[in-house]
Amino acid sequence: MKREKKYIEYILKQAEALLAIDSPSGFTEKVTDYLCEEYKRLGYKPVKTKKGGVLVEIGGKGNAVLTMAHVDTLGGMVAEIKINGRLRLTKVGGLNANNIETENCRIYTLDGKVYEGTVQLTDASIHVNGDYQKSERTFDSVEVLLDEKVSSREDVKALGIENGSFVCMDPRTRITESGYIKSRFLDDKLSTAILLGFAKYVKDEDLKLSRKVYQHITVFEEVGHGACASAPEDVEELLSVDMGCVGEGLECTDRQVSICVKDGHGPYHYDVVKGLIQAAKDNHIDYAADVYPYYGSDADAALSAGIDARHGLIGPGVYASHGYERSHKDAVAATLELLKAYLA
């Protein structure tokens, strides 16, 4: 029990560290630098792919499995500097204007400066705007107010902010005493941390894996092409470790590991799904098997790019996906245990 607790604590520590590094798709160098250093500290030899992801072999021989998580997140970019000095956004990935209103954010310039701001509805004062409740929240009706003394487009440009500057939402990470994990971007930094935890377990326990296992941390999953390249030639199976969906019509809770049987692209490979479910049953792991109606994974992207391999998808249950998300230590533990049962 103490051994398991050690790895869960390590995973949560790594999740907090990853969540603290802003990394929307296309702006991930700092977080992948961190990952490379952590893999090296664990005793591995990570390499950066041409696209900027992290690829590492963690052990084993024979039929190779490529496990994948992604460290890129949703975010925004400046699409327009308005004449009053406020910023219109364009979304990166599936960011939704409805659930970023009133969120604090950071704006990054090309020369490395960072400014703070807040996303607000245009004309956000309820005592002034009689249509506040009726206003639809879109990326044309919300804007960023910079926490700087600016009142014109020229004032903003003088700060170094321009169209294309990345805008990163505050993740607001919290881990409660009852074990709940709350943050933006648990999708998929929580599962990235779980893969790190599995890599640490393999190294610490000198585990002899039954198959060769790679880990690929991708950086363009949220925009659809994260795992379209960089799969080693000997890979015969793809296993995405991403967030498990939680919601009406699904069995999974945010305290379980989810095994996806079908998503928006179609069913996952029957042999992989069957193997994952059997591993969960044989090891008494709390799991749910579900269909994700509006979802795509790195495994889907890899197959679309022409990689010839079986594919599967698991992950800790995460509620309120693409918003302020919630999971639990139990889901982390179940996901780690399933990886151990399926790959060891």
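A brief report on the enclosed structure follows. Each chain has its residues counted from 1, following the order in which its sequence is written. It should be noted that, the model being predicted, local features are given only for residues of pLDDT at least 70 and side-chain atom pairs only at 80 or more, the latter also being counted only at that level, while totals for whole chains, interfaces and linings use all residues. Hydrogens and waters are ignored; side-chain quantities use all the structure's heavy atoms.

**A look at the pairing of strand E7 (residues 114-121)**
Alright, step 1. The rule for pairing is simple: two strands pair if DSSP sees at least two bridges between them. Each helix corresponds to a stretch of at least 4 residues labelled H or I by DSSP, and each strand to a stretch of at least 2 residues labelled E; elements are numbered beginning at the N terminus. Examined bridge by bridge, strand E6 (residues 104-108) and E7 share five bridges and lie antiparallel to one another. When the sheet's bridge partners are listed, Arg106 is paired in E7 with Glu116.
Alright, step 2. Counting the residues that bridge the hairpin from E6 to E7 gives five residues, and of these Gly112 lies at a positive phi of roughly 95°.
Alright, step 3. Direction of pairing for E7 relative to strand E8 (residues 142-146): antiparallel, over a ladder of five bridges. In the sheet register, Gln120 faces E8, and the bridge partner there is Glu143.

**A look at the side chain of Ser240**
Alright, step 1. Along the chain, Ser240 falls in strand E13 (residues 235-241).
Alright, step 2. Within the structure, Ser240 has its side chain in polar contact with the backbone nitrogen of Ala299 (distance 2.9 Å).
Alright, step 3. Not counting residues within four places of it along the chain, the set of residues in contact with Ser240 comprises Met68, Ser297, Asp298, Ala299, Gly312, Leu313 and Ile314. Pairs of N or O atoms within 3.5 Å make up the polar contacts considered here, provided that, within protein, one atom can donate a hydrogen while the other can accept it, and that residues adjacent in sequence are counted only when both atoms are side-chain atoms. The contact rule is simple, with two residues in contact once any of their heavy atoms fall within 4.5 Å.

**Section: helix H2 (residues 29-42)**
Alright, step 1. One less than the number of residues in a helix, times 1.5 Å, gives the span that helix is expected to have. In a regular helix each residue adds 1.5 Å, so 14 residues correspond to 20 Å; H2 covers 20 Å between its end C-alpha atoms and thus fits that length.
Alright, step 2. Under the scheme applied here, a residue whose accessible area is under 20% of the maximum for its type counts as buried, over 50% as exposed, and between as partly exposed, the area being computed with a 1.4 Å probe on protein chains only. When we look at burial in H2, the residues that qualify are Val31, Thr32, Leu35, Cys36, Glu38, Tyr39 and Leu42. Taken end-on, H2 shows its buried residues confined to a sector of 165°, consistent with a single buried face. Exposed residues pointing more than 90 degrees away from the buried face of H2 are listed as Glu29, Lys30, Glu37 and Arg41.
Alright, step 3. In the stretch just after H2, Gly43 is the one whose phi turns positive, near 105°. When we speak of the arc, we mean the arc of directions from the helix axis to the C-beta atoms.

**Side note on the packing of H2 against helix H4 (residues 186-204)**
Alright, step 1. An axis is simply a line fitted to the C-alpha atoms; with a helix, the fit covers only the stretch in contact. Between two such axes, the angle follows the N-to-C directions and lies from 0 to 180 degrees. Between H2 and H4, the shortest axis-to-axis distance is 10 Å and the interhelical angle comes to 15°. It follows that H2 is roughly parallel to H4 by the angle criterion. In this structure, H2 meets H4 at a crossing whose hand is right-handed. From H2, Leu35, Glu38, Tyr39 and Leu42 reach across to H4, where they touch Thr192, Leu196, Ala199, Lys200 and Lys203.
Alright, step 2. Each residue belonging to the contact of H2 with H4 can be placed in one class, and the counts come to five nonpolar, one polar and three charged. When describing relative orientation, an angle under 35 degrees is termed roughly parallel and one over 145 degrees roughly antiparallel, while 65 to 115 degrees is termed roughly perpendicular and anything else oblique. Crossing handedness: left-handed means the near helix sits turned counterclockwise from the far one by under a right angle, and right-handed means the same turn made clockwise. Asp, Glu, Lys and Arg are counted as charged, while Ala, Val, Leu, Ile, Met, Phe, Trp, Tyr, Cys and Pro are counted as nonpolar; the rest, among them Gly, fall into the polar class.

**Details of the packing of aromatic side chains**
Alright, step 1. Paired rings are identified among Phe, Tyr and Trp, the last through its six-membered ring, by centres lying within 6.5 Å, and are further divided according to the angle between planes into stacked (under 30 degrees), edge-to-face (over 60) and tilted (the rest). This model, assessed by the stated rule, comprises five aromatic pairs.
Alright, step 2. Seen from their ring centres, Tyr39 and Tyr44 are 6.4 Å apart, and the 85° between their planes marks the pair as edge-to-face. Just as Tyr39 is buried, Tyr44 falls in that class too.
Alright, step 3. Seen from their ring centres, Tyr292 and Tyr295 are 4.7 Å apart, and the 55° between their planes marks the pair as tilted.
Alright, step 4. The class for Tyr292 is buried, based on a relative accessible area of 1%.

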